[in-house]
Amino acid sequence: MTAGSLRGRIAVVAGATRGAGRGIAAGLGEAGATVICTGRSSVTGNEDSDYDRPETIEETADLVSSLGGTGVAVRVDHLDAAQVRRLARRIDDEFGTIDILVNDIWGAEVLKGPPSSWGRPMWDHDLDDGLRILRLGIDTHLITSHCLLPLLVRRPGGLVVEITDGTAEYNAANYRLSVFYDLAKVAVNRLAFSMGHELKTAGATAVAVTPGWLRSEMMLDAYGVCEADWHHALDIDRDDGYPCAPPGFAQSESPRYVGRGVAAVAADPDRQRWNQRSVTSAALAADYGFTDIDGRRPDGWV
C-alpha cells in the first residue's frame, strides 16, 4: 500500500468513532481515500450511544483528512434502518457509488461485562443485555449492508469488510466469553462468507478481518496508559492503581494496524482472492508487508 493508492475511492466505515473503526478510517485516509465516517457519537451529542465516551466521528473525519484522505462525518445509528437509508441517499446524491464498505459497528463492550463475568452460563446473564449484544453486533451489520450494498455493486471491484473478534477457524474451536458474545462474533464471520457468495456474481469481494489485542481508547484507559507509553501497562511493579496487563499485551496492536490491512486489501487488484475468507490483521501484514505505527508486526493470535 502506498500513499494515494486509494485516491478517488469512496469508503464508508460504519462505526468509525473509536477503536478499530477509527483505525481503519485512518488507514484508508493514509491511502488517500474519501472516507465517510459514521457512528452515534458526534460533537452534536452522543445520547444514542451505549458508551459515555469523548470520542466523536468528527475527530475521526479530521484524522482522515490530516493523513491525506478526505474525511466526512455523518451521524448515524445503524440500528435504525431509516437513518441508514438516508445515509444511502446522501451518498448516492454526493458520490454516486461506494467502493469500500467496512462494517465495524459494535457498541457492546460494556454489555459483554468484565472478565470476572466471562464464562458464566447464559441463564445467569441478563437476557435483555444479551439480546442487545446481538442487536448491536449482528443486526447493525445486516441493516447497513442491506441499505448500502446497492451502491457498492454498481460497478465491479467493490469490497466489503466485516470486522469481528477471532477468525472463523478460531471461533469454531473456542468458546468466546459468553453465549451472546460468542454468537455475535461467529455470526459476523459467517456474514462475510455468505455475502461473499452473493457478491462474487457482481465482481465484488467480502472478507472478515479480526484485529489481535487491540489498543483501543477503552483498552488504554483500562490500563491507565496512552498509545505513547502503552508498554507501561506491562510493568508488574507499577503503583499507580491500575491493573497490570498480562504478558500477552506485549503483542497488542494499535488500531492503525488493522486499518492498514483493510487499505492493503482495498488497493490490491487481486483482492477477490480474499473473498469469503476470514483473516487476521497480522496475516494481512505478513502478506502485504506493512507494519504497525511503531514498525512492528505484532500477532496477538499466536
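Residues numbered from 1 in each chain as written. Predicted model: local features only at pLDDT ≥ 70, side-chain atom pairs only at ≥ 80, totals over all residues. Heavy atoms only, no water.

Colleague: Any chance you could explain the sheet that holds strand β2 (residues 34–39) here in plain terms?
Modeller: Pairing between sheet strands relies on hydrogen bonds along the backbone, with the strands arranged either parallel or antiparallel. Judged by pairing direction, the sheet is parallel, and its 7 strands sit side by side in the order β3-β2-β1-β4-β5-β6-β7 without closing on themselves. One side of each edge strand has no neighbouring strand; the edge strands of this open sheet are β3 (70–75) and β7 (278–280). In this sheet, neighbouring strand axes are inclined to one another by 20° on average, regardless of whether the strands run parallel or antiparallel. Here 4 bridges tie strand β4 (residues 100–103) to strand β5 (residues 159–163), and the two strands are oriented parallel to one another. The residue bridging L101 from the neighbouring strand is V160, located in β5. Along the sheet face, helix α3 (residues 81–94) touches β1 (10–14), β2 and β3 and points at about 145° away from the line of β3. Strand contacts of helix α9 (residues 281–288): β6 (205–210) and β7, with the helix running at about 80° to β7, the strand carrying the most contacts. (Pairing = 2+ DSSP bridges. Helix = DSSP H or I, 4+ residues; strand = E, 2+ residues; numbered from the N terminus. Axes fitted to C-alpha atoms, helices over the stretch in contact; angles between N-to-C directions. Contact = heavy atoms within 4.5 Å.)

Colleague: So what exactly am I meant to see when it comes to the packing of helix α4 (residues 127–152) against helix α6 (residues 179–199) here?
Modeller: If you want to describe how two helices pack, look at the angle between their axes and the distance between the axes. Running from amino to carboxyl end, α4 crosses α6 at an angle of 15°, the nearest separation of the two axes being 9 Å. Between α4 and α6, the angle is such that the two are roughly parallel. Crossing geometry of α4 relative to α6 is assigned as right-handed. From α4, L127, G130, L131, I133, L134, G137, I138, H141, L142, S145, L149 and L152 reach across to α6, where they touch F180, Y181, L183, A184, A187, V188, L191, M195 and L199. Here the residues of the contact of α4 with α6 sort into 17 nonpolar, 4 polar and no charged. (Parallel < 35°, antiparallel > 145°, perpendicular 65-115°, else oblique. Left-handed = near helix turned anticlockwise from the far one by under 90°. Nonpolar A, V, L, I, M, F, W, Y, C, P; charged D, E, K, R; others polar.)

Colleague: Honestly, the side chain of E217 in this entry has me stumped. Any pointers?
Modeller: One can find E217 in helix α7 (residues 217–222). Within polar-contact distance, the side chain of E217 engages the backbone nitrogen of G19 at 2.8 Å. Beyond its immediate chain neighbours, meaning those up to four positions away, E217 contacts R18, G19, R22, R53 and E55. (Polar contact = N/O pair within 3.5 Å; in protein donor to acceptor, adjacent residues only side chain to side chain.)

Colleague: Could you clarify how one ought to interpret helix α1 (residues 19–30) in this entry?
Modeller: Turn by turn, an α-helix covers 3.6 residues, leaving residues three or four places apart pointing in a common direction. A rise of 1.5 Å per residue sets the reference length of α1, with its 12 residues, at 16 Å; its end C-alpha atoms lie 17 Å apart and thus fit the reference within 8%. Of all 12 residues in α1, 12 are buried, a share of seventy percent or more. (Expected span 1.5 Å × (residues − 1). Buried < 20%, exposed > 50% of the residue type's maximum accessible area, 1.4 Å probe, protein only.)

Colleague: Would you mind going over the domain arrangement of the protein chain with me for this structure?
Modeller: Note on interface size: it is often stated as the accessible area lost on association of the parts. When the domains of the protein chain are assigned, the result is domain 1 (10–214 + 254–288) and domain 2 (215–252). Its C-alpha centre places domain 1 at a distance of 25 Å from the equivalent point of domain 2. The interface of domain 1 with domain 2 comprises 12 residues on the first partner and 12 residues on the second. Counting the surface domain 1 buries against domain 2, the share from its top three residues, R53, W213 and L214, is 60%. Scanning the region where domain 1 abuts domain 2 turns up 3 residue pairs in polar contact (both at pLDDT 80 or more). (Domains from an automatic or database assignment. Buried area = accessible area lost by both parts, 1.4 Å probe.)

Colleague: Just checking my understanding: could you explain the environment of I163 for this structure?
Modeller: Along the chain, I163 turns up in strand β5. Judged by its relative accessible area of 7%, I163 is buried. Measuring from C-alpha to C-alpha, the distance between I163 and G137 comes to 10 Å, with 26 residues separating the pair along the chain. Look past the residues within four positions of I163 in its chain and what remains in contact with it is A20, I24, V102, N103, D104, H141, V188, V209, P211 and V262.

Colleague: Can you help me understand the pattern of salt bridges in this one?
Modeller: Tallied over the full model, the rule gives 22 salt bridges. Here E59 and R22 are joined by a salt bridge, their closest N and O atoms 3.0 Å apart. Here R22 lies in helix α1 and E59 lies in helix α2 (residues 57–66), a separation of 37 residues in the sequence. On the basis of relative accessibility, which here comes to 38%, the residue E59 falls in the partly exposed class. (Salt bridge = Lys/Arg side-chain N within 4 Å of Asp/Glu carboxyl O.)

Colleague: Please explain the packing of aromatic side chains as it appears in this structure.
Modeller: One pair of aromatic rings is described through two measures. These are the centre distance and the angle between the planes. The full count for this structure, using the stated rule, is 7 aromatic pairs. Ring centres of W106 and Y181 lie 5.7 Å apart, and the angle between their planes is 80°; on these two criteria the pair is classed as edge-to-face. Linking W106 in the loop between β4 and α4 with Y181 in helix α6, this pair joins segments that are 75 residues apart in sequence. No difference in accessibility class separates W106 from Y181, as the two residues are buried. Ring plane angle 75° and centroid distance 5.3 Å describe the contact between W213 and F249, whose orientation is recorded as edge-to-face. Within this pair, whereas W213 is found in the loop between β6 and α7, its partner F249 is found in the loop between α7 and α8 (255–267), the two being separated by 36 residues in sequence. (Phe/Tyr/Trp six-rings, centres within 6.5 Å; stacked < 30°, edge-to-face > 60°.)

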